[in-house]
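Coordinate inspection notes
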Number of protein chains: 2
Amino acid sequence: MATEPGPPRPAKGARPNLKDVAARAGVSRATAARALGGYGYSSREVMERVSEAARELGYEVNRIARTMRSGKSDIIGFVCADISDAFFSSAMRGICDVARRQGSKVIVMNTDDQLAQEQEATRVLLSHEVDGIVITPVSVREHAHIDAVTDAGVPVVSLDRHLSDAGIDSVVADNEDGTAHAIGHLIARGHRRIAFLGSVQPEEPPSLRIGKLRSSVAGPSRPSLDRIRGYLRTLAGAGLPADRDLIALVPQGSAPERRLEAVAAVLALDDPPTALFTADSYMTKSAFSLLSELGVRVPEEMSLLGFDDLEWTTLVRPRISVVVQPTYDMGRTAAEQLFTKIAHPAPAGGGRGRRTVVPTRFLDRDSVGGSLLDKGTGP
Amino acid sequence: MATEPGPPRPAKGARPNLKDVAARAGVSRATAARALGGYGYSSREVMERVSEAARELGYEVNRIARTMRSGKSDIIGFVCADISDAFFSSAMRGICDVARRQGSKVIVMNTDDQLAQEQEATRVLLSHEVDGIVITPVSVREHAHIDAVTDAGVPVVSLDRHLSDAGIDSVVADNEDGTAHAIGHLIARGHRRIAFLGSVQPEEPPSLRIGKLRSSVAGPSRPSLDRIRGYLRTLAGAGLPADRDLIALVPQGSAPERRLEAVAAVLALDDPPTALFTADSYMTKSAFSLLSELGVRVPEEMSLLGFDDLEWTTLVRPRISVVVQPTYDMGRTAAEQLFTKIAHPAPAGGGRGRRTVVPTRFLDRDSVGGSLLDKGTGP
DNA sequence: ATGAAAGCGCTAACAT
DNA sequence: ATGTTAGCGCTTTCAT
């Protein structure tokens, strides 16, 4: 039992703890903690001896114990509908990258757009003492469970949706303006009858009021509604009448057939549109599929313009013009704001909730042509 | 200070703990824990009183404290190259679904295929006391850090890659057979010169030996190499010569241009192929793009067959025939095996590591035609 | 069937 | 600059 070359080692094959390191370095646990944690005072010599011991033992702090003591877990939560969806997995990557830089990790919870699952997710995350949560809320009205999180002193940032009248920061794309720009582009190309194909939350359906001069959609801000607003606003701004028949809304999460039917119905109108604006990637896919199946030539016979970029939009012919939102950056931004709040806890009450709107970009490709009704349009 | 209707409540706005519940129910902490946890004995009456108190207080167990005591965190880790990649996000969803059923959560760590990041990821997960880890290892040889995890008594399941000679369970697709089937299909359609376009780990390059009668590729099993094996094997089985010029391998993570060049080089051969087998989704995309740009008609002038299904493969014309791996199910299966190991810890040493190979499916669509060399092929 | 008490590994307040 | 000590919230013997 030599003691000189081999100072105390933990007998077990288990992970060494701070006591082991301290013993090996011949100091107290508190000193070892200070030396390793880099806080408080410790002499250079002790610092070296301790980190040497830690290295030899392969010591790694037990973050559970640290969390218990400090209240900081170095874990944040991401609550979304479905991580396998391209929007969320891209945002997730942005969140992860920020978290890593902060020494934090991310737990993902899928809700499938079910409020009950979202409520459970927040409870579970709270019970794991997460430092904060990025959430894409199912509902923009029912947010008692989210308030409960902030009430517990845990910062929350809402992604992709503003929460009405909750003092919660949010990061969303400029859905209304992005759509407005796209519709403006169609109008500039001579289109007068432009269809809007989109999805809406079945639980929070919009109530559309289509008027001769002004049209509007009631309900709180959310991407699906804001895009309709952008559409309506631009039409009105150009003095064009809105036509209820040109607006097809299917419930979110509908079977692909429902979307196809919606597109087909619009195409079959007596006075059909000359351009289709598809307000989300699912609709864009359905519309493109159907047009392609029907042999409708794009953009010669029908223009197509969509929201959300996807890999395939440049692979098909014609390449689809789209409005893109910076999904990765939205995740990144949400996470950055979250960590700011974690570092500087708001003084209770928290104010109004900062709303960050990130710009979309319009990618002009080949799926929009001049309107057939608009004679004299060059190639 | 009425005590009858309002038994003790925690004064603070903070989360109530077991002591609060116990006090309100008028029992000891141990009893409250038993009643809530559903273990040990407790009278029906006490049980009801305790859960009533818990409900009233909005009590939720503090899992950090529970983990500290029990050693079980109800968290598992998923270590992958990049969660925004479709393969991983789909697998992730499978893992999450299983975890949820088990009352567990998932922390994701991205490695960008960097060994150093993977090593750090495993260390970090260990320090969070995760119950197990699903990992897609960067390297199939360098797995000391993974062994360290199992040595710490934490189960690991490897996804998409077998670990050579490590006693670690793995779940992979039947890359070799899936490819063999696809190549067999091409041969049956009369193709004799079939190009193989794929990617390989820059750190673990394969050494190809192309012989008159037999060809082989050295190196441990991994998807990229196994697909080459399936290709070579099928060629040999059909008595067809392998041609080194028809095999183009770019380093994984190469810029798109590199892939495009590789495809172009194969097309420009003096004796060009009549069919292209693209061994991963990136290559499929590059090949399709280039063919489309060059105006090469598929499948009339060139057949195309790929590995991995993607949304766009049915959107483009012709629709691409592909070999698909069940990504969601692979994640699900890996997680199921992980939880089995968590529930029944292996008796140290752990045996040889169970290898699960999940079948791929061949989706015969429109991108494969009869070879031009093969006269008399019907439409 | 219930309670008392120890202790998981760490950090932070206090003492030296 | 370093050591001592208490305690985070829970689970789990061990008594009763």
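Residues take numbers from 1 onward in each chain, read along the sequence in its written order. Written order decides the labels, with chains lettered from A and ligands numbered from 1. Under the rules for a predicted model, residues below a pLDDT of 70 receive no local features and side-chain atom pairs below 80 are neither given nor counted, while totals for whole chains, interfaces and linings still include all residues. Hydrogens and waters are ignored; side-chain quantities use all the structure's heavy atoms.

On to the side chain of Gln-337 of chain B. Here Gln-337 of chain B lies in helix 12 (residues 327–343). It only takes one pair of heavy atoms within 4.5 Å for two residues to be counted as in contact. When sequence neighbours within four positions are dropped, the list of residues in contact with Gln-337 of chain B reads Val-157, Asp-169, Val-171, Arg-354 and Thr-356 of chain B. A run of H or I in DSSP counts as a helix once it spans at least four residues, and a run of E counts as a strand once it spans at least two, with each numbered from the N terminus.

Before going further, it helps to examine the pairing of strand 5 (residues 169–173) of chain B. Sheet faces and side chains relate simply in a regular strand, where the side chains alternate between the two faces. Residue and element names in this part refer to chain B. Buried means the residue's accessible area, taken with a 1.4 Å probe over protein chains only, is under 20% of the maximum for its type, while exposed means over 50%, and partly exposed covers the values in between. Of all 5 residues making up strand 5, 5 are buried, and the element is well covered by its neighbours. Burial along strand 5 is two-sided: the face carrying Asp-169, Val-171 and Ala-173 and the face carrying Ser-170 and Val-172 are both buried. Any two strands are treated as partners once DSSP identifies two or more bridges connecting them. Examined bridge by bridge, strand 4 (residues 156–159) and strand 5 share 3 bridges and lie parallel to one another. What sits directly across from Ser-158, in strand 5, is Ser-170. Here strand 5 runs beside strand 13 (residues 355–358); their pairing, made up of 4 bridges, is parallel. By the bridge assignment, Val-172 is partnered in strand 13 with Val-357.

So, on to the environment of Ala-346 of chain B. With respect to the helices and strands, the residue Ala-346 of chain B is situated in the loop between helix 12 and strand 13. Taking the C-alpha atoms as reference points, Ala-346 of chain B and Arg-49 of chain B, 297 residues apart in sequence, are found 40 Å from one another.

A few words on the pattern of salt bridges. Here, a salt bridge means any side-chain nitrogen of Lys or Arg that lies within 4 Å of a carboxyl oxygen of Asp or Glu. The final tally for this structure, using the stated rule, is 46 salt bridges over all chains. In this structure, Arg-332 of chain A engages Asp-329 of chain A in a salt bridge whose closest nitrogen and oxygen atoms are separated by 3.0 Å. Of this pair, Arg-332 of chain A and Asp-329 of chain A both sit in helix 12 (residues 327–343), separated by 3 residues, roughly a single helical turn. Here the salt bridges do not stand alone but share partners, grouping Asp-82 and Asp-112 of chain A together with Arg-93 and Asp-97 of chain B into one network.

Turning our eyes to something else, we now look at the protein's contact with DNA strand C. The nearness test applies per residue and asks whether one of its heavy atoms lies within 4 Å of the molecule or strand. The environment of DNA strand C is formed by 24 residues, the closest being Leu-18, Arg-29, Arg-66 and Arg-69 of chain A together with Thr-31 of chain B. Within 4 Å of the protein, the contacting atoms of DNA strand C are drawn from sugar and phosphate to the extent of 51%. A distance of 3.4 Å is found between a base nitrogen of DNA strand C and a backbone nitrogen or oxygen belonging to Ala-65 of chain A. Elements supplying a minimum of two residues to the surface near DNA strand C: helix 2 (29–37) and helix 4 (63–70) of chain A together with helix 2 (29–37) and helix 4 (63–70) of chain B. Residues that form the surface near DNA strand C fall into these classes: 12 nonpolar, 6 polar and 6 charged. Contacts described as polar in this section are N or O atom pairs within 3.5 Å, which, within protein, must combine one atom able to donate a hydrogen with one able to accept it, while residues neighboring in sequence count only if both atoms come from side chains. Side-chain classes are defined by residue name, with Ala, Val, Leu, Ile, Met, Phe, Trp, Tyr, Cys and Pro counting as nonpolar, Asp, Glu, Lys and Arg as charged, and the others, Gly among them, as polar.

Of all hydrophobic cores here, the largest spans 100 residues; its most connected members are Tyr-231, Leu-276 and Phe-277 of chain A together with Tyr-231, Leu-276 and Phe-277 of chain B. If sequence neighbours within four positions are ignored, Leu-276 of chain B has contacts with Ala-195, Leu-197, Val-266, Leu-267, Ala-287, Leu-291, Met-302, Ser-303, Leu-304 and Leu-305 of chain B. Here, nonpolar core means buried Ala, Val, Leu, Ile, Met, Phe, Trp, Tyr and Cys residues that are tied together by side-chain atoms lying within 4.5 Å of each other. Judged by nonpolar contacts, the second largest core, of 54 residues, contains Val-106 and Val-108 of chain A together with Phe-78 and Ala-99 of chain B.

A separate point is the UniProt feature "domain: HTH lacI-type" (unreviewed entry) in chain A. The UniProt record marks residues 16–70 of chain A with the feature "domain: HTH lacI-type" (unreviewed entry), using the residue numbering of this structure. Across residues 16–70 of chain A one finds 71% helix and 0% strand; the C-alpha atoms that close the span lie 20 Å apart. UniProt positions are given in the numbering used here, feature names are shortened, and annotations may be inferred rather than shown by experiment.

In the neighbourhood of DNA strand D, 25 residues make up the surrounding shell, with Thr-31 and Arg-69 of chain A together with Leu-18, Arg-29 and Arg-69 of chain B lying closest. Between DNA strand D and Tyr-59 of chain B, the relevant distance is 2.6 Å, taken from a phosphate oxygen to a side-chain nitrogen or oxygen of the residue. Within the backbone of Ala-65 of chain B, one N or O atom sits 3.4 Å away from a base nitrogen of DNA strand D. Of the residues contributing to the surface near DNA strand D, the split by class is 13 nonpolar, 6 polar and 6 charged.

Listed by partner, the interface residues are 47 residues for chain B and 47 residues for chain A. Computed with a 1.4 Å rolling probe, the buried area is the accessible surface lost when two parts are put together, summed over both parts. For the pair chain B and chain A, the summed buried surface comes to about 4,200 Å²; carbon and sulfur atoms form 59% of the total. On the chain B side of the interface with chain A, the three residues burying the most area are Ile-64, Arg-93 and Leu-315 of chain B, jointly 17% of the side's total. There are 12 salt bridges connecting chain B and chain A. Residues Asp-82 of chain B and Arg-93 of chain A are paired through a salt bridge, measuring 3.0 Å at the closest nitrogen-oxygen approach. Remark: the boundary between chain B and chain A carries 21 residue pairs in polar contact (both at pLDDT 80 or more). Among the secondary structure elements, those contributing two or more residues to the side of chain B that touches chain A are helix 4, helix 5 (86–101), strand 2 (105–110), helix 6 (115–127) and helix 11 (281–294) of chain B. Here the side of chain B that touches chain A is built from residues that sort into 20 nonpolar, 12 polar and 15 charged.

Residues and elements named next belong to chain A. Every helix has an expected span of 1.5 Å times one less than the residues it contains. Here helix 6 (residues 115–127) contains 13 residues, and its C-alpha end-to-end distance of 19 Å stays within 8% of the 18 Å for a straight helix at 1.5 Å per residue. Along helix 6, the residues classified as buried are Gln-117, Glu-118, Ala-121, Thr-122, Val-124, Leu-125, Leu-126 and Ser-127. Looking one or two residues beyond helix 6, the residue adopting positive phi is Glu-129, at roughly 60 degrees.

Right, let's get into the packing of aromatic side chains. Side-chain rings of Phe, Tyr and Trp (the six-membered ring for Trp) are treated as a pair once their centres are within 6.5 Å; stacked means planes under 30 degrees apart, edge-to-face means over 60, and tilted covers the remaining angles. Taken as a whole and judged by the stated rule, the model has 8 aromatic pairs over all chains. Each ring, one from Phe-196 of chain A and one from Phe-277 of chain A, has its centre 5.8 Å from the other, and the planes form 40 degrees; the classification is tilted. You can see Phe-196 of chain A sitting in strand 6 (residues 194–200) and its partner Phe-277 of chain A sitting in strand 10 (residues 275–278), a full 81 residues away along the chain. Phe-277 of chain A shares its class with Phe-196 of chain A; the two are buried. Ring centres of Phe-196 of chain B and Tyr-231 of chain B lie 5.1 Å apart, and the angle between their planes is 50 degrees; this geometry places the pair in the tilted category. Residue Phe-196 of chain B is located in strand 6 (residues 194–200), and its partner Tyr-231 of chain B is located in helix 9 (residues 223–237); the two are separated by 35 residues in the primary sequence. Per residue, the accessibility class of Phe-196 of chain B equals that of Tyr-231 of chain B, and both read buried.

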